[in-house]
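Secondary and tertiary structure notes
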Amino acid sequence: MSYAGMEDIGSSEGERDVRRDEIAAGLAEVDARIAEACHAVGRDRGEVTLIAVTKTRPAEDVRILAELGVRDVGENRDQEAAPKAHELAGLPLTWHFVGQLQTNKVRSVVGYADVVHSVDRLRLVEAISKEAVRQGRRVGCLLQVALDDDPARGGARAADLLELADEVALADGVWLGGVMAVAPLGEDPAKAFSRLRDLARLVQEQHPRATMISAGMSEDLTEAIAYGATHVRVGTALLGRRKPFVR
């Protein structure tokens, strides 16, 4: 091997070490924020799972996260997530699909996603169920709630939530995990997550095992934890500002 080639290897290893240090620092900061938020409301740190949202990030970042002990990874674009999940199939990871899901992407998403956070209509439940059975998988479903009734952002209306929960509970190849929501733009996230907590309790009255509440991101995870979030979806605070996604 030429000296130039050896220099390239050293440079690459050095860049990875720098990136690992960056991610480790971000992870430590986010974990401290989660722990502080839990302490403030008398919750145990172990009650909250960090989902590292790795959209637009390379597979190598996910490898580093896994090395650092992260076990839950979130993606929101199938065209990016599918090859990444395939490449990293040997790692001990739980893959969460957190973006809006069109039925024509269900076959691909069911192939790698362990939990889908954006189940918001009966047709989607039916498609996931059918494909999960075909692939011999069991996929967790979280019901996405539209806290602002804005259909453009995805989510079921609160009035339709219990009926949708019943449909998931009866479907084959899936299991009902709980609820998910995004705080509406321009609204106090605490008020939004308070509503989500109330809706989660309604679902749990009929389906006691549906205990997951996926809420809170980089900017509002503290408020989400205060109102019962069991899973927080964090990208920017963990991995830095994202680069634009290029098709």
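Each remark here, short or long, concerns the structure printed above.
A brief report on the enclosed structure follows.

The rules behind each value
Residues numbered from 1 in each chain as written. Predicted model: local features only at pLDDT ≥ 70, side-chain atom pairs only at ≥ 80, totals over all residues. Heavy atoms only, no water. Helix = DSSP H or I, 4+ residues; strand = E, 2+ residues; numbered from the N terminus. Rg over C-alpha atoms; globule rule 2.2 N^0.38 Å. Buried < 20%, exposed > 50% of the residue type's maximum accessible area, 1.4 Å probe, protein only. Contact = heavy atoms within 4.5 Å. Axes fitted to C-alpha atoms, helices over the stretch in contact; angles between N-to-C directions. Parallel < 35°, antiparallel > 145°, perpendicular 65-115°, else oblique. Left-handed = near helix turned anticlockwise from the far one by under 90°. Nonpolar A, V, L, I, M, F, W, Y, C, P; charged D, E, K, R; others polar. Salt bridge = Lys/Arg side-chain N within 4 Å of Asp/Glu carboxyl O. 1 Å grid on protein atoms, 1.4 Å probe; cavity = no way out; pocket = protein on both sides within 12 Å on 5 of 7 lines; lining within 4 Å. Points joined across faces, edges and corners; volume = space filled by probe spheres on them.

1. As for the overall build of the protein
The secondary structure content of the protein amounts to 9 helices and 8 strands. A compact globule built from 247 residues should have a C-alpha radius of gyration of about 18 Å, and the protein, at 19 Å, falls within 12% of that. Dimensions of the protein along its principal axes, counting C-alpha atoms only, are 65 × 45 × 30 Å. Each of the 247 residues in the protein was classed as buried or not, and the buried ones make up 47%. Restricting the contact set of the protein to residue pairs at least 6 apart, pairs at least 24 apart contribute 60%.

2. Here we look at the packing of helix H6 (residues 161-170) against helix H7 (residues 189-206)
Contact geometry of H6 with H7 gives a least axis separation of 10 Å together with a crossing angle of 45°. By the angle between their directions, the pair H6 and H7 is classed as oblique. Here H6 and H7 pass one another in a crossing that is right-handed. Across the interface between the two elements, Leu-161, Leu-162, Ala-165 and Asp-166 from H6 touch Leu-199, Leu-202, Val-203 and Gln-206 from H7. Of the residues contributing to the contact of H6 with H7, the split by class is 6 nonpolar, 1 polar and 1 charged.

3. So, the pattern of salt bridges
Applying the stated criterion across every chain yields a total of 17 salt bridges. One salt bridge in this structure joins Glu-47 and Arg-43, with 2.9 Å as the shortest N-O distance. On the basis of relative accessible area, Glu-47 is assigned to the partly exposed category, the value being 39%. Of the residues examined, Arg-43 reaches a relative accessible area of 17% and is grouped as buried. When the shortest N-O distance is used, the salt bridge between Arg-195 and Glu-187 registers 2.8 Å.

4. Quick word on empty space enclosed by the protein
Tallying each qualifying case throughout the model produces 1 cavity of 30 Å³ or more. Its boundaries defined by the atoms lining it, the largest cavity holds a volume of some 50 Å³. Considering the residues around the largest cavity, the lining is formed by Gln-144, Val-145, Ala-146, Leu-147, Asp-148, Arg-153, Gly-154, Ala-181 and Val-182. For the lining of the largest cavity, the per-class residue count stands at 5 nonpolar, 2 polar and 2 charged.

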